[in-house]
Amino acid sequence: MGRIFNFSAGPAMLPVDVLKEAADEMLDYKGTGMSVMEMSHRSKAYESIIQEAEKDLRDLLNIPDNYKVLFLQGGASQQFAMIPMNLMKNKVADYIITGLWAKKAYQEASVYGKANIIASSADKNFSYIPDCSDLPISEDADYVHICENNTIYGTKFKTLPNTKGKTLVADVSSCFLSEPMDVTKYGVIYGGVQKNIGPAGVVIVIIREDLITEDTLPGTPTMLKYKIHADSASLYNTPPAYGIYMCGKVFKWLKKQGGLEAIKIKNEKKAAILYDYLDQSKLFKGTVEKKDRSLMNVPFVTGNADLDAKFVKEAKEAGLENLKGHRTVGGMRASIYNAMPEEGVQKLVEFMKEFEARNL
Ligand SMILES: *Cc1c(COP(=O)(O)O)cnc(C)c1O
């Protein structure tokens, strides 16, 4: 059997070229006689792997010199705690609640200080992004936190909130490297890589240098201090070495695709194929306000749970897998990250048309 089209929200598809290259290097990485999995993280060979990965990421995102790039473990979820532990000097932070991940980040911050909800789209099951142009930002807030792309609900911030001068912190797990971003607008950008960049086990943190201090909350474990990792260039302890190597390959693949401007055009084209069909379908309906639609995660429903289940089952038989929606939205969700080829989205839409004709 060949490869299927995997529409999972994460872990998700990786580019075939990247997987093939890794397979070729599996037993003997560039004449070292060993796999990257077996290699010391202090070796010359590994040093160049991690340094090149960082350099390529800096090139892709145009990361200014006053930002550090950290490759850490614990997933995006660990950042939910690490951020307040390192940034909550006044023990106050503002959170915008646009979905389940945003809420989890907020709940974790509440353990360490006063976390305020300054906007929310919970009233309509997170199907839109609230107006964030004039929010009641707390005067003593250490930062304002957003989840930029809401993986479960399929919404994305198209304009960043007006933080009134406060540091912006963003979870970009499910839109990381899907389009260019202006790093200078943020204090911290973080994301688990298993959605759009690499294998699970790595979280990337891009953090402005002045936010990295010794002054963390009392009791902060050594491993959860940004300064420890920044001072040792992500090699304080053994990093998720193989995962970082795979991320590095994806960075090179992205450069070969023409960088983030080019990948954005491809992503817009793929998403339009699906959204255009949804907008005229008599059976399927998108669940998100049009202006806030994500390019990466596309939830849709028929309005009939039995029919939804039938669709997911038959789609799987047609080689289109993991289309079941999150239980809080129901229906279906197609995650179409960078590595999903346009052909996969076309196949999905063809299948939807055919299913619609049979079931309307
Ligand atoms: C998947 C996801 C997370 C959780 O990531 P882990 O790496 O599993 O902790 C957090 N935020 C967003 C937006 C996600 O999509």
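Each remark here, short or long, concerns the structure printed above.
Counting restarts for each chain, with residues numbered from 1 along the sequence as it is written. In view of the model being predicted, local features appear only for residues whose pLDDT reaches at least 70, and side-chain atom pairs are presented and counted only at 80 or more, with totals across whole chains, interfaces and linings using the full set of residues. Think of the side-chain values as coming from all heavy atoms in the structure, minus any hydrogens and water.

### Quick look at the packing of aromatic side chains
Any aromatic ring pair is given by two values, namely how distant the centres are and how the planes are angled relative to each other.
Piece 1. Ring geometry is summarised as follows: Phe, Tyr and Trp rings, the Trp one being its six-membered ring, pair when their centres sit within 6.5 Å, and such pairs are stacked at plane angles under 30 degrees, edge-to-face over 60 and tilted between the two. Scanning the entire structure with this criterion turns up 14 aromatic pairs.
Piece 2. With a centroid separation of 5.8 Å and 85° between ring planes, the pair formed by Tyr29 and Tyr245 is classed as edge-to-face. Residue Tyr29 is located in the loop between α1 (16-24) and α2 (44-61), and its partner Tyr245 is located in helix α6 (residues 241-256); the two are separated by 216 residues in the primary sequence.
Piece 3. When the centroid spacing of 5.9 Å and the interplanar angle of 75° are considered together, the rings of Tyr95 and Tyr143 count as edge-to-face. Of the two residues, Tyr95 sits in strand β3 (residues 92-97) while Tyr143 sits in the loop between β4 (114-120) and β5 (144-147), which places them 48 residues apart along the sequence.
Piece 4. Aromatic ring contacts, followed pair by pair, group Tyr277, Phe284, Phe300, Phe311, Phe351 and Phe355 into a single cluster.
Piece 5. Across the ring face of Tyr128, the terminal group of Lys124 is positioned such that the distance to the ring centre comes to 5.5 Å. Only DSSP runs of H or I covering at least 4 residues are called helices, and only runs of E covering at least 2 are called strands; the numbering of each starts at the N terminus. Working rule: Lys NZ or Arg CZ, within 6 Å of ring centre, within 35 degrees of ring normal, means a charge sits over the ring.

### Some words on the packing of helix α8 (residues 305-317) against helix α9 (residues 342-359)
Piece 1. Lines fitted to C-alpha atoms define the axes, with helix axes restricted to the stretch in contact, and inter-axis angles between N-to-C directions lie between 0 and 180 degrees. Packing of α8 against α9 leaves a shortest axis separation of 11 Å and a crossing angle of 135°. With respect to α9, the element α8 is oriented oblique. The handedness of the crossing between α8 and α9 is right-handed. Residue-level contacts link Leu307, Lys310, Phe311, Glu314 and Ala315 of α8 to Leu348, Phe351, Met352, Phe355, Arg358 and Asn359 of α9.
Piece 2. The residue classification treats Ala, Val, Leu, Ile, Met, Phe, Trp, Tyr, Cys and Pro as nonpolar and Asp, Glu, Lys and Arg as charged. All others, Gly included, are polar. When its residues are assigned to classes, the contact of α8 with α9 shows 7 nonpolar, 1 polar and 3 charged. If an angle is under 35 degrees, it is roughly parallel; if it is over 145, roughly antiparallel; if it lies from 65 to 115, roughly perpendicular; otherwise it is oblique. Handedness of each helix crossing follows the sense of rotation of the near helix against the far helix: counterclockwise by less than a right angle gives left-handed, clockwise gives right-handed. Two residues form a contact once any of their heavy atoms are found within 4.5 Å.

### Topic: the pattern of salt bridges
Piece 1. Every case where a carboxyl oxygen of Asp or Glu lies within 4 Å of a side-chain nitrogen of Lys or Arg is listed as a salt bridge. Scanning all chains against the criterion turns up 27 salt bridges.
Piece 2. Lys249 is the partner of Glu25 in a salt bridge, and the nearest nitrogen-oxygen pair spans 2.9 Å. You can see Glu25 sitting in the loop between α1 and α2 and its partner Lys249 sitting in helix α6, a full 224 residues away along the chain. The same class applies to Glu25 as to Lys249, namely buried.
Piece 3. Note that Lys269 and Glu342 form a salt bridge whose closest N and O atoms lie 3.0 Å from each other. Residue Lys269 is located in helix α7 (residues 259-280), and its partner Glu342 is located in helix α9; the two are separated by 73 residues in the primary sequence.
Piece 4. Only protein chains enter the calculation, and the probe is 1.4 Å; a residue is then buried if its accessible area is under 20% of its type maximum, exposed if over 50%, and partly exposed in between. The class for Glu342 is partly exposed, based on a relative accessible area of 27%.

### Examining a nonpolar patch on the surface
Piece 1. The patch calculation keeps residues exceeding 30% relative accessible area without a salt bridge and links them within 9 Å when they carry like charges or within 5 Å when they are nonpolar (Val, Leu, Ile, Met, Phe, Trp, Tyr). Shrake-Rupley sampling with a 1.4 Å probe provides the accessible areas, and residues are treated as covered by the protein chains on show and by no other component. Taken together, the side chains of Met26, Leu27 and Met37 make up a nonpolar region of the molecular surface, amounting to roughly 340 Å² of accessible area.
Piece 2. Residue position: Met26 is located in the loop between α1 and α2.

### Comments concerning the sheet that holds strand β12 (residues 297-301)
Piece 1. Strand pairing is defined by DSSP finding a minimum of two bridges between the two strands. Here we have 3 strands laid out as an open sheet, ordered β11-β12-β14, and antiparallel in their pairing. Each end of this open sheet is capped by a strand with a single partner; those strands are β11 (285-286) and β14 (332-335).
Piece 2. Alignment of β11 against β12, held across 2 bridges, turns out to be antiparallel. Note on β12: the bridge partner recorded for Gly286 is Phe300.
Piece 3. In the packing of α7 onto the sheet, the strands contacted are β11, β12 and β14, and the crossing angle to β12 comes to about 20°.

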